[in-house]
Amino acid sequence: MAGRASSDALADALARQPRVALATVPTPLQEAPRLRAALGGSALAPRILLKRDDLTGLAGGGNKARKLEFLLADARRQEATWLITTGGVQSNHARMTAAAARIHGFGVSLVLTSPVEQPEVQGNLLLDRLLDADIRLVPPSDDPGAPTSGREAEAIERLVADLRERGERPYVIPLGGSNEVGALGYVAAAVELAAQLELADASPSRIYVAVGSNGTAAGLAAGTRLAGLGAAVHGVAVAGPALTTRDRAEDLAGRTVALLGLPDAPGAAYELDEGQVGAGYGRATAACLEAISLLARTEGVILDPVYTGKAMAGLVADVRARRIDPSETVVFLHTGGLPGLFAQAAVVAGGLAGGGEVSPGG
Ligand SMILES: *Cc1c(COP(=O)(O)O)cnc(C)c1O
């Protein structure tokens, strides 16, 4: 019963961390039988469970809600009055930070990287505007596949100085909320998932998850080890090595365990699949578009073209290449991203049979 004792210690360590309420949890853990059938049925495909973190709420849902519960509590502990964060112009993290700021009474500024001076007010950017966030656009990197340019650091510094001059106390949340405080959200998610798996009588070999700024995978890796879940965290990179690497996630997982004050536990590996990145962050691949359409048609569940479509493409590719035994169970962590689908409507529709054209009625 060593696992049991350590999971009590884990629950206690988590309960000692400052946290505010933001996410609607537990999120459902759902069987995906029609997806399994479409991939060849039980002779060829594993049992697939969808962990629906797209349903966390917070102005459209997604994984950042769990991280922000710990980040906002830290901001409050430091008596901050204003949140600043950064990301691409269609950042889900920025949108959810803005919503979280509104709920908990912080001012909020978003430093967003945009390739054009006047980006279309659509998807996440539309929601940022509705949430009345202060939005500062900065030019992108010269690398078209990179999510950030390094120019946001200067913009953030200026903003911090301006806000202090106005008597505010700014709190800077890093890209994706991916530090050890934010990653605690996915340690808590691993504990939640472990309980659901026990009820479902399932012991998955792998948990598939999209990886951008590494915090989700790092928290999950730490949490699965500490909770004694045997599953390997199987990350699927959605960006190149400027952002997403195995070492960064492992390093962050170690710091997250240390923050909890627990000894690290041995456990299943953290694997990173770098085969689905394509042309880079935000650039949907054909396999990503196919995966989006496959899950919509089979399960009525909508993925996004930046993160979850690529993660599902990684799972589909592994099934087709027979890298997963059909006797196994896998979990697919749906991390959200729906607003980003609308910001790339033409790309997504172009991936459909017939280019997404709608027949006239008669
Ligand atoms: C941010 C995000 C991810 C990636 O999480 P990281 O912690 O940044 O690796 C995955 N999916 C969606 C929809 C996201 O918004």
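Look up a bit, the structure's there.
In this report, we go over the structure that sits alongside the text. (Residues numbered from 1 in each chain as written. Predicted model: local features only at pLDDT ≥ 70, side-chain atom pairs only at ≥ 80, totals over all residues. Heavy atoms only, no water.)

Digging into helix H7 (residues 180-199)
To keep things clear, this is the line we draw: The helix count covers DSSP runs of H or I at least four residues long, the strand count covers runs of E at least two residues long, and both are numbered beginning at the N terminus. Here the expected length of a helix is defined as 1.5 Å per residue gap, with one fewer gap than residues.
Here H7 contains 20 residues, and its C-alpha end-to-end distance of 29 Å stays within 8% of the 28 Å for a straight helix at 1.5 Å per residue. Asp201, located one to two residues past H7, shows a positive phi value of around 55°.

A short note on the site of the ligand
Note the cut-off: Residues are labelled near a given molecule or strand when at least one of their non-hydrogen atoms is within 4 Å of it. What qualifies as a polar contact is a pair of N or O atoms within 3.5 Å, subject to a donor-acceptor requirement within protein and to the restriction that residues adjacent in sequence count only when both atoms come from side chains. Note on areas: Shrake-Rupley with a 1.4 Å probe; residue coverage comes only from the protein chains shown.
Lining the immediate surroundings of the ligand are 16 residues, of which Lys64, Lys67, Ser213, Thr216 and Thr335 lie closest. Note that an oxygen atom of the ligand is positioned 2.6 Å from one of the side-chain N or O atoms of Lys67. Within the side chain of Thr335, a nitrogen or oxygen atom sits 2.6 Å from a nitrogen atom of the ligand. Computed on the free molecule, the ligand has an accessible area of 380 Å², of which 98% lies beneath the protein chains in the complex.

Some thoughts on helix H5 (residues 123-130)
Convention followed: Per-residue accessibility, obtained with a 1.4 Å probe over protein chains only, is compared with the maximum for each type, and a residue is labelled buried under 20%, exposed over 50%, and partly exposed between these values. By definition, residues are in contact when any of their heavy atoms lie within 4.5 Å.
Taken together, the buried positions of H5 are Gly123, Asn124, Leu125 and Asp128. Where H5 is buried, its residues meet helix H4 (92-104), strand S4 (107-113), strand S5 (134-138) and helix H12 (338-343).

Concerning the pairing of S4
Cut-off, in case you're wondering: Only strands that DSSP links by at least two bridges are regarded as paired with each other. A right-handed crossover is one whose linking path, passing over the helix from the first strand to the second, runs clockwise when the strands point away from the viewer.
Where burial is concerned, most of S4 is hidden: 7 out of the 7 residues are buried. Neither face of S4 is left uncovered, since the one carrying Gly107, Ser109, Val111 and Thr113 and the one carrying Val108, Leu110 and Leu112 both have all their residues buried. Judged from the 7 bridges that link them, strand S3 (residues 82-88) and S4 form a sheet pairing that is parallel. Within S4, the position partnered with Thr85 by the bridge is Leu110. Handedness of the crossover is the feature at issue here: the chain leaves S3, passes through H4, returns alongside S4, and the resulting connection is right-handed. When S4 meets S5, the two strands line up parallel, connected through 5 bridges. Looking at the pairing, Ser109 lines up with Asp134 of S5. Following the chain from S4 across H5 to the adjacent parallel S5, one finds a crossover that is right-handed.

Some remarks on unusual backbone geometry
Omega for the bond connecting Val25 with Pro26 falls within 30 degrees of zero, at 0°, which places this linkage in the cis form. Looking at the element boundaries, Pro26 is found in the loop between helix H1 (2-15) and strand S1 (29-31). We note that Ala59 has phi near 55°; this positive angle belongs to a residue other than glycine. Tracing the backbone through its elements, the reader meets Ala59 in the loop between strand S2 (47-52) and helix H3 (64-77). Unusually for a residue other than glycine, Arg322 sits at a positive phi of about 60°. Locating Arg322 in the fold gives a position in the loop between helix H11 (308-320) and strand S10 (329-334).

Digging into the environment of Gly340
The residue Gly340 is located in helix H12 in this model. Residues Gly340 and Gln90, spaced 250 residues apart in sequence, show a C-alpha to C-alpha distance of 6.3 Å. In contact with Gly340, not counting residues within four places along its chain, are Gln90, Asn124 and Pro305.

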